[in-house]
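Take a look at the letters that make up each chain.
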Amino acid sequence: MKVRKCSTPEEIKKRKKAVIFCLSPDKKCIIVEEGKEILVGDIGVTVTDPFKHFVQMLPEKDCRYALYDASFETKEAKKEELMFFLWAPEMAPLKSKMIYASSKDSIKKKFQGIKHECQANGPEDLNRACIAEKLGGSLIVAFEGCPV
């Protein structure tokens, strides 16, 4: 997934806001987890808060990779930047954590335009203040339309 500007309203609606990846059943490939993506066209229709919805899509007891097209505001401008997440919750099996951690660089190399990386070990690591800190700290005044 690459952050790129789309020109027509239809292209914009089909653009992905978030995508979650998992290991294949045989644990040999990284695949897009079925039904685990948010399209820009879903926002305001079936998804009211895209970041909250994204966090709720992550499993409680297993690891995942994710890409999230973050929209935020600084004191000077509005920005969109691609974030890469390694989700490794405390309750995930140790073997799963090891596999995901060791293959993280491989998946990251496949995507151009990743500006920020975040490892989250629980929902407390995925609140707006923590994400704003990763994006630019005190320079960030809003994340996904909500003040920080």
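Everything in this summary refers to the structure shown in the same document.

Rules of the game
Residues numbered from 1 in each chain as written. Predicted model: local features only at pLDDT ≥ 70, side-chain atom pairs only at ≥ 80, totals over all residues. Heavy atoms only, no water. Buried < 20%, exposed > 50% of the residue type's maximum accessible area, 1.4 Å probe, protein only. Helix = DSSP H or I, 4+ residues; strand = E, 2+ residues; numbered from the N terminus. Pairing = 2+ DSSP bridges. Core = buried A, V, L, I, M, F, W, Y, C linked by side-chain atoms within 4.5 Å. Contact = heavy atoms within 4.5 Å. Arc of directions from axis to C-beta. Polar contact = N/O pair within 3.5 Å; in protein donor to acceptor, adjacent residues only side chain to side chain. Expected span 1.5 Å × (residues − 1). Right-handed = clockwise from strand over helix to strand, strands pointing away.

In terms of residue burial, strand 3 (residues 64-74) counts as a mostly covered element, since nine of its eleven residues are buried. Summarising the sheet, strand 1 (residues 16-23) and strand 3 pair through four bridges and their orientation is antiparallel. Its bridge partner lying in strand 3, A18 is registered against Y68. Judged from the ten bridges that link them, strand 3 and strand 4 (residues 78-87) form a sheet pairing that is antiparallel. Within strand 4, the position partnered with A70 by the bridge is E81. With antiparallel pairing between neighbouring strands as the criterion, strand 3 and strand 4 make up a hairpin whose turn holds three residues. As defined by bridge partners, strand 3 adjoins strand 6 (residues 140-143) across three bridges and the pair is classed as antiparallel.

This part takes up the nonpolar core. Membership of the largest hydrophobic core comes to 23 residues, with the highest contact counts inside it found for F54, F85 and I131. Elements with a minimum of two residues in this core: strand 1, helix 2 (50-57), strand 3, strand 4, strand 5 (114-120), helix 4 (128-135) and strand 6. With four residues, the top contributor of residues to this core is strand 3. Beyond its immediate sequence surroundings of up to four residues, I131 is in contact with F51, M83, F85, C118, D125, L126 and F143.

Now for helix 4. Every buried residue of helix 4 is listed here: R128, I131, A132 and L135. The buried residues of helix 4 occupy an angular sector of 100° when the element is viewed end-on, so they sit on one face. For helix 4, the capping residue at the N-terminal end is N127, with a side-chain oxygen 3.1 Å from the backbone nitrogen of A129. Backbone geometry just downstream of helix 4 places G137 in the positive-phi region, at approximately 65°.

This brings us to the environment of C130. With respect to the helices, strands and loops of the structure, C130 is situated in helix 4. Here the alpha-carbon distance between C130 and L86, two residues 44 residues apart in the chain, equals 15 Å. Among residues more than four places away in sequence, those in contact with C130 are E124 and D125.

Our next topic: helix 3 (residues 94-109). A rise of 1.5 Å per residue sets the reference length of helix 3, with its 16 residues, at 22 Å; its end C-alpha atoms lie 24 Å apart and thus fit the reference within 8%. Listed in full, the buried residues belonging to helix 3 are S96, Y100, S103, K104 and I107. In this fold, the buried residues of helix 3 make contact with strand 1, strand 2 (30-39), strand 3, strand 4 and strand 5.

Moving on, we get to the pairing of strand 5. Bridging between strand 4 and strand 5 involves six bridges; their strand directions are parallel. Pairing of W87 across the sheet is with A120, part of strand 5. For the segment spanning strand 4, helix 3 and strand 5, crossover handedness is right-handed.

Of note, K27 is a non-glycine position whose phi angle comes to about 65°, a positive value. Mapping K27 onto the fold places it in the loop between strand 1 and strand 2. Take K27: its relative accessible area is 49%, and that puts it in the partly exposed class. A positive phi angle, near 50°, is found at E144, a position not held by glycine. For E144, the location among the structural elements is in the loop between strand 6 and strand 7 (146-147).

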